[in-house]
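# Structure assessment
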Amino acid sequence: MRPFRKLVMAAISLSAALLITVPAYASVSRISIEVEDVINTGEELREPEITLDSSDCEIAEVKWSKNVEKWKPASKVTATLTLTTSDTFKDKYLSDAVQVQGGDFVRASKADDNTLTVRITYVPRAQLGETEEAGWSSRNPNVAVWKKVPFATAYQLRLYRDGTLLTIITSGSSSIDLSDYMTEEGHYYYQVRAMGETSAERYYLLSGEYVESEDTLLDDLGDTSGSWKNYQEGQKYVRSDGTTPVSQWEKIEGNWYYFDGNGYKTVGWQQIDGSWYYLGTDGKMETGWKEIGGSWYYLLEDGKMYTGWKEEDPGIWYYLNSDGSMAVNTVIDGIYPINSSGQWIE
């Protein structure tokens, strides 16, 4: 064999050997990510476990968009995953190539042949706790009050009278005025639970258990059988016997109203028998603290406007001026400084 032919044959043999011994690196075609479905309880949330359903690559690092201490149920957070492989990653991955269970795929970008960054979103879930201290307001026995539940965005209340369900109310507040439903004498109680405000939130905020309040007895509602009549000058109340209250107080369905000399319901500030009262836009006599015209006033249980010093809590004093308005940013009697919140500063 000629030397040149031998050289060509040797080169062919070497090339064949290289083709056999050099490994061929495959590309990772599909990525399947699973985010653990965590149902949190209590006030602290925890991170879900994130795993890959693949032997072609692994998770090298997970970074969240905010610390877990700042997470809130039903509020989206973002995780950035760094994936590595001994094979190679493709230049581009779309949503059909990256499946995320328990979260949503955002995008993927290749750092190098063996490193891929994947961004996903996750929405924490939580089982809401029970409402505590379900009871009635000391200032208004028709107002249901309870302690707020962490993460709850709404509350559902079921009101009963003598064991009969009267109404179901959903509210974003931890108190509800039930005066419109407590119009007959009897024993009233309610059941309340924490929940999500919208149907979308309720997947991530699992409703708490109903908690039952204590009973309250309504046995002095006044007149409940009459009706209101509208006139151009205002409203009158007509009792069941056809008479109307004139120049007097009248208790109607548990609320006090005052009627002038023509029998019309009065509203706003009214001076009656030497004392000042405030009747709301609906004519109901107000009690307790009330902000009116930018100033705060305190109205006693019988509706009379209060003046002078008032101890709201032990050691917490306020001063009501002679016109009933709460004093702010001033000094009383030259020696008692009052701050912008109306409190006496010792």
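From a predicted model like this one, the values you see are computed outputs, not experimental measurements. (Residues numbered from 1 in each chain as written. Predicted model: local features only at pLDDT ≥ 70, side-chain atom pairs only at ≥ 80, totals over all residues. Heavy atoms only, no water.)

### Things to note about the nonpolar core
Within the largest apolar cluster, 27 residues are counted, with the highest numbers of intra-cluster contacts made by Ile31, Ile33, Tyr93, Val118 and Ile120. Among the elements of the structure, strand S2 (31-35), strand S4 (50-52), strand S6 (77-84), strand S8 (98-101), strand S9 (104-112) and strand S10 (115-122) are those that each provide at least two residues to this core. Contacts of Ile33, omitting those with residues within four sequence positions, involve Ile50, Thr51, Leu52, Leu81, Val98, Gln99, Val100, Gln101, Val118 and Ile120. Ala134, Tyr188, Tyr190 and Ala194 belong to the second-largest nonpolar core, a separate cluster that totals 22 residues. (Core = buried A, V, L, I, M, F, W, Y, C linked by side-chain atoms within 4.5 Å. Buried < 20%, exposed > 50% of the residue type's maximum accessible area, 1.4 Å probe, protein only. Helix = DSSP H or I, 4+ residues; strand = E, 2+ residues; numbered from the N terminus. Contact = heavy atoms within 4.5 Å.)

### Side note on the confidence of the model for the protein
For the protein, per-residue confidence averages 91 on the pLDDT scale, and residues scoring 70 or more make up 93% of the total. Counted against residues more than four places away or in other chains, residues 14-22, with its pLDDT under 50, gives zero contacts. (pLDDT = per-residue confidence, 0-100.)

### Quick look at the side chain of Gln156
If you trace the backbone, Gln156 turns up in strand S14 (residues 154-161). Among the polar contacts listed, one links the side chain of Gln156 to the side chain of Tyr210, at a separation of 2.5 Å. The contacts of Gln156, once residues within four sequence positions are left out, are Ile168, Ile169, Thr170, Gln191, Val192, Arg193, Met195 and Tyr210. (Polar contact = N/O pair within 3.5 Å; in protein donor to acceptor, adjacent residues only side chain to side chain.)

### Things to note about the pairing of S2
Only one face of S2 is buried, namely the one carrying Ile31, Ile33 and Val35, since none of Ser32 and Glu34 on the opposite face is buried. Here four bridges tie S2 to S8, and the two strands are oriented parallel to one another. Following the sheet pairing, Glu34 is matched in S8 by Gln101. The pairing of S2 with S4 spans three bridges and is classified as antiparallel. If you follow Glu34 over to S4, its bridge partner there is Thr51. (Pairing = 2+ DSSP bridges.)

### So, the pairing of strand S12 (residues 132-136)
Relative to strand S13 (residues 143-147), S12 runs antiparallel, the two sharing three bridges. Note on S13: the bridge partner recorded for Trp136 is Ala144.

### Observations regarding the pattern of salt bridges
All chains considered together, the criterion is met by eleven salt bridges. Two residues, Asp113 and Lys110, come together in a salt bridge whose shortest N-O distance is 3.3 Å. Asp113 sits in the partly exposed class, given a relative accessible area of 43%. Three or more residues are tied together by salt bridges with common partners; here these are Asp91, Lys110 and Asp113. (Salt bridge = Lys/Arg side-chain N within 4 Å of Asp/Glu carboxyl O.)

### Details of the sheet that holds S10
The sheet built from four strands is open, its strands ordered S5-S6-S10-S9 with antiparallel pairing. Of all the strands in the sheet, just strand S5 (58-64) and S9 have a single pairing partner and so form its edges. This sheet shows a mean twist of 20 degrees between the axes of neighbouring strands, independent of strand direction. When S6 meets S10, the two strands line up antiparallel, connected through eight bridges. Paired with Leu81 across the strands is Val118, a residue of S10. (Axes fitted to C-alpha atoms, helices over the stretch in contact; angles between N-to-C directions.)

### Some thoughts on unusual backbone geometry
Its identity is not glycine, yet Ser247 carries a phi of approximately 50 degrees, on the positive side. Checked against the element boundaries, Ser247 lands in the loop between strand S22 (234-238) and strand S23 (248-252). At Glu253, a position not held by glycine, the phi torsion is positive, near 50 degrees. Mapped onto the elements of the fold, Glu253 is located in the loop between S23 and strand S24 (255-259). Here Glu253 falls in the partly exposed class, since its relative accessible area comes to 32%.

### Some details on the packing of aromatic side chains
Within this structure, the stated rule accounts for 25 aromatic pairs. Relative to Tyr298, the ring of Trp289 lies with its centre 5.3 Å away and its plane at 65 degrees, an arrangement referred to as edge-to-face. For the residue pair Trp289 and Tyr298, the accessibility class agrees, reading buried in each case. The ring of Tyr264 has Lys236 lying over it, and the distance from NZ or CZ to the ring centre is 4.8 Å. Its guanidinium or amino end placed over the ring of Tyr298, Lys310 lies 4.2 Å from that ring's centre, counting from NZ or CZ. (Phe/Tyr/Trp six-rings, centres within 6.5 Å; stacked < 30°, edge-to-face > 60°. Lys NZ or Arg CZ within 6 Å of the ring centre and 35° of its normal.)

### Brief notes about a negative patch on the surface
Among the surface-exposed residues, Glu34, Glu36, Glu49 and Asp53 lie close enough to one another that they form a single negatively charged patch. Tracing the sequence through the fold places Glu36 in the loop between S2 and strand S3 (39-41). (Patch = residues over 30% accessible without salt bridge, like charges linked within 9 Å, V, L, I, M, F, W, Y side chains within 5 Å. Areas by Shrake-Rupley, 256 points an atom, 1.4 Å probe, with all protein chains shown as cover. Lys, Arg positive; Asp, Glu negative; His and termini not counted. Charge placed at Lys NZ, Arg CZ, Asp CG, Glu CD.)

### Topic: the sheet that holds strand S11 (residues 125-127)
One open sheet holds the three strands; their spatial order is S3-S11-S18, and the pairing between them is parallel. The strands lining the two open edges of the sheet, one partner per strand, are S3 and strand S18 (205-206). Bridge count between S3 and S11: three bridges; the pairing is parallel. Its bridge partner being in S11, Asn40 is matched across the sheet by Ala126.

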